[in-house]
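Observations on the three-dimensional arrangement
Read off the chains here:
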Amino acid sequence: MASTMPKIETLPGLLQHWAQEKPDSAAFIFRDKNQQRNVLTWATLYTLAGRFAADLRNKGIEKQHLVINTLPNSPERVVCEAGIWMAGAVSVNGQCVMTDGSDLLNTITQSRAPAILVDPDVTGSPWSVLKNHVVLDDGEHVTSSKLACLKMVIFVRRVENEEKGDFIGQLKSQKEWFQAKDVKPEDVFSVFTTSGSTGFSKLVIRTQGPFIKYLVGTFKKILEESGTVGKSQLSIAPMGWVGGSLVYNVAPGATRVTCDMRAGNPDDMAQFLWNCIQEEKCNIAILSPTYLPKLAEIADMTCSPHQLDSMMLGGLPIQQSMVNKGLKMAQNICVSYGASDFGVVAAVVVPYKHTFTDHDSGQPFADVEVKIVSLKDESMPCATGQVGHILFKGPNMMKGYLNNPKATADAYTEDGFFRTGDLGRLDERGHLIVDGRGSDAIMRGVYIFYPTWIENRLRECPAVADVVIVGVPDADVNEELCACVVLKSDDVSIQQVRKFAEGIFVSKDDPLSACPRYFLRFESLPETDTGKPQRKVIKTQAAQQLGLITASD
C-alpha cells in the first residue's frame, strides 16, 4: 500500500502515526542467512519501542542522553533504536572494526555517553573488548577508570524459544510503556559515525526536523520520479550509518526488507539480495555497486524475474557499466551524491537503456547551493566544466561534530559552505560530476579510508621497515586497499605482514574493514625531495605489479 508522507517532524510522532494508520502492515521484514523470516509490524514496533523507552527511563536515561548502540542489524537493533527515540534520547553508532576495540573506546570517550547496548552472545561482540575496561557492579551498572563517563551496559540478548532472558520476549510480556511528549524537531535524534583521518570516526550530530523535512520534501521528489513512494525497500546498509538510518523508511512509512545480521553475514550476499528481491517482491533496492556484477549474472540466468521499480546507487563515482548492470534488474537507476555530514544533495534518475555520463550525480536540489572552487584557492570559483573542490550549503547539513568544535569549524568556509573533500565539476546542464576524493583518501565501495592511520598501525609489525597504503583500481568497488611494504630483512616475509594485519583489523570480508586486500613487497618507496612518499607513483607501480594497468596506461 503506497503511503502519503505525513507532515510530522519528530520520530516518535511518525512511529505513532504509522502504528495508527496501518498497524498490521510490515515495517521491517528480516531474513537471515538460514532463510528464517521475521516480520515487525508498525503496531508491534511502536509497542515494543515504547516499552524499551520505559526501561530506559527507569534506568535513568533522560531526554537527550546519549546511548551507544553496538547491535548488528536485527529486530533487536530496530526496537532499541526506536525505543531510544521514544525516550527522547539520542542513539550513537557504536562501530567496532578494530579487533582491540580502540575505535569503540574512542567513541565512548569522545561522546561521553553514559550507556551502551551490547549483545554479548554475538561472535566478535564489542563486549569481548569492553569487559576488559569496566567493572560490572550489579549486572548493568559499571565503573571504569578509563571510561569515566560510562555508567551502564545494557545487555540485549536473543534466547531462542525462551522468554526469560530474551530481550524481545521480555518486552512482549512487559506492561509499562512510555513516549516522551516533549520531543521537538530541533532535538538531536542520532549521532552517526563517519570516516576519520586518524582511524577514529568523527561523530556527526543530526537533528530530527531537518532530516525528516528533507525526506518528506526533496527525497520525496526522487521517489516520485522513480515511482517508489511508500513502497518496499531492500537495504542491508548498517543501521547506525547515515545511509542505513531507519528514518529512510519510517518517514515515508515504507516496508524495509533487510538482513538479520545477528547470525552473521550470508555466505553469498549477492545471492541473498537476489532472493530477497524475488521472494519479497521488493520495489526499491538501495545497494552498494559492489554487488552489481554478481547480481547481473544471476539476472541473466533467470527466466522472467521480478523487476525492481528502481535501484538506488551512490557512495562512489558511478559508471555506465554499473548502470547497465543495474538495469538488468530495475526499470530505472537513481544515482545520488551525499555524505553523513551534509545528506544527499544531488540525484539523477536514469530510465531503461538511457545513456549515462560517467560520474554524473545529477542536478543539485533546488534548496542546495553548490560551488566548485579552485584546487589552489577556494576563494576562486571554477568555470563550467573545470574540476575543483566541491562545496555545499543546504538545509540538511549536520549540526556539527560531537564534542569536537575544531573539526566542526574546519569543515566550513567563512561563508558557511561545507568542505566535502571531493573533486568534481558542473557541466553545461548544471549536473554535478563527482570524480572522487581530493586527498589521499581511498574510496572503496561506499566507504572512505584514510591511509595514514592504517600505515601507522602496520608499522607496529616487527617485519615492517616502511609501508604506504594506496588505492588500486577495482571494477566493482572503485578502489581496493593495497599495502606497499618495505621489509626489514630477507629473513621476514610479506605473509607475516598480512597475518599481522588480519590480527588487528576485523575480517577483510567486512566492508568496513581497513585490512588491505593486497600486500606487495617493495625494495624502496619513491619519495619527494622533502622525504614524503610519492603516493601517485607508488599507486601506479602497485597497479602495474598487480596487472591492473599496463605501463602504457
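Position numbers for residues start from 1 in each chain and track the written sequence from start to end. For this predicted model, a pLDDT threshold of at least 70 governs which residues receive local features, and a threshold of 80 or more governs which side-chain atom pairs are given and counted, while totals over whole chains, interfaces and linings are taken from all residues. The basis for the side-chain values is all heavy atoms of the structure; hydrogens and waters are excluded.

1. Looking at the overall build of the protein
The criterion, for reference: Only runs of H or I of at least four residues qualify as helices and only runs of E of at least two qualify as strands under DSSP, and these elements are numbered from the N terminus. With C-alpha atoms as the basis for the radius of gyration, the globule rule is written as 2.2 Å multiplied by the number of residues raised to the power 0.38. Under the scheme applied here, a residue whose accessible area is under 20% of the maximum for its type counts as buried, over 50% as exposed, and between as partly exposed, the area being computed with a 1.4 Å probe on protein chains only. Contact definition: two residues touch when any of their heavy atoms are within 4.5 Å. All accessible areas in this document rest on Shrake-Rupley with a 1.4 Å probe, and a residue is counted as covered only by the protein chains that are shown. The charged-residue count follows a simple rule in which Lys and Arg add positive charge and Asp and Glu add negative charge, with His and chain termini not counted at all. Charge coordinates come from a single atom per side chain, which is NZ of Lys, CZ of Arg, CG of Asp or CD of Glu.
When helices and strands are tallied, the protein shows 15 helices and 27 strands. Computed over C-alpha atoms, the radius of gyration of the protein comes to 23 Å, within 12% of the 24 Å expected from 2.2 N^0.38 for 553 residues, which places it in the range of a compact globule. The C-alpha extent of the protein, read off along each of the three principal axes, is 70 × 55 × 55 Å. Expressed as a percentage of the 553 residues in the protein, the buried residues total 57%. Taking all contacts inside the protein whose residues are at least 6 apart in sequence as the whole, residues at least 24 apart take part in 64%. Summed over all atoms, the accessible surface of the protein reaches about 23,200 Å², with 49% contributed by carbon and sulfur. Across the protein, the 56 positively charged side chains and the 64 negatively charged ones have centroids separated by 2 Å.

2. A look at the packing of aromatic side chains
Keep this limit in mind: Each Phe, Tyr or Trp ring (for Trp, its six-membered ring) is paired with any other whose centre lies within 6.5 Å, and the angle between the two planes then decides the class: stacked below 30 degrees, edge-to-face above 60, tilted in between.
This structure, assessed with the given rule, holds 16 aromatic pairs. Aromatic side chains Tyr 337 and Phe 392 sit 5.9 Å apart centroid to centroid with 40° between the ring planes, which places their arrangement in the tilted category. Remark: Phe 392 occurs in strand E19 (residues 388-393) and Tyr 337 occurs in strand E15 (residues 330-339); sequence separation between them is 55 residues. The class for Tyr 337 is buried, based on a relative accessible area of 7%. These aromatic residues form a ring-pair network of at least three members: Trp 85, Phe 189, Phe 192, Phe 211 and Tyr 248.

3. Remarks on the environment of Leu 375
Position of Leu 375 relative to the elements: it lies in the loop between strand E18 (369-373) and E19. Sequence separation between Leu 375 and Ile 333 is 42 residues, and the spatial gap between their C-alpha atoms is 31 Å. Setting aside its immediate chain neighbours within four residues, Leu 375 contacts Val 387, Gly 388, His 389 and Leu 423.

4. Remarks on the sheet that holds strand E14 (residues 308-313)
What counts is decided by this rule: Following DSSP output, two strands are said to pair if at least two bridges run between them. Here the axes come from fitting lines to C-alpha atoms, over the contacting stretch only for helices, and the angles between their N-to-C directions go from 0 to 180 degrees.
Taken in spatial order, the nine strands make up an open sheet running E2-E1-E12-E11-E13-E14-E15-E16-E17, and their pairing is mixed. If you trace the sheet from one side to the other, it starts and ends with strand E2 (37-41) and strand E17 (363-364), each paired once. In this structure, strand E11 (residues 233-235) lies alongside strand E12 (residues 256-259), joined through two bridges in parallel fashion. When the sheet's bridge partners are listed, Gln 233 is paired in E12 with Arg 256. In the packing of helix H9 (residues 269-280) onto the sheet, contacts are made with strand E1 (26-31), E2, E11, E12, strand E13 (284-287) and E14, and the angle to E1 comes to roughly 135°.

5. Some thoughts on the environment of Val 142
Mapped onto the elements, Val 142 comes out in strand E7 (residues 142-143). Between the C-alpha atom of Val 142 and that of Ala 115, which follows or precedes it by 27 residues, the distance is 9.5 Å. Discounting residues that sit within four places of it in the chain, Val 142 has contacts with Val 134, Val 135, Leu 136, Asp 137, Leu 150, Lys 151, Met 152 and Val 153.

6. Quick look at unusual backbone geometry
Of note in the backbone geometry, Ser 304 takes a positive phi value of approximately 50° without being a glycine. You can see Ser 304 is positioned in the loop between helix H10 (292-300) and E14. Backbone geometry at His 359 places phi at a positive 70°, although glycine is not the residue there. Looking at where His 359 falls in the secondary structure, it is placed in the loop between strand E16 (343-351) and E17. The exposure class assigned to His 359 is buried, which follows from its relative accessible area of 19%.

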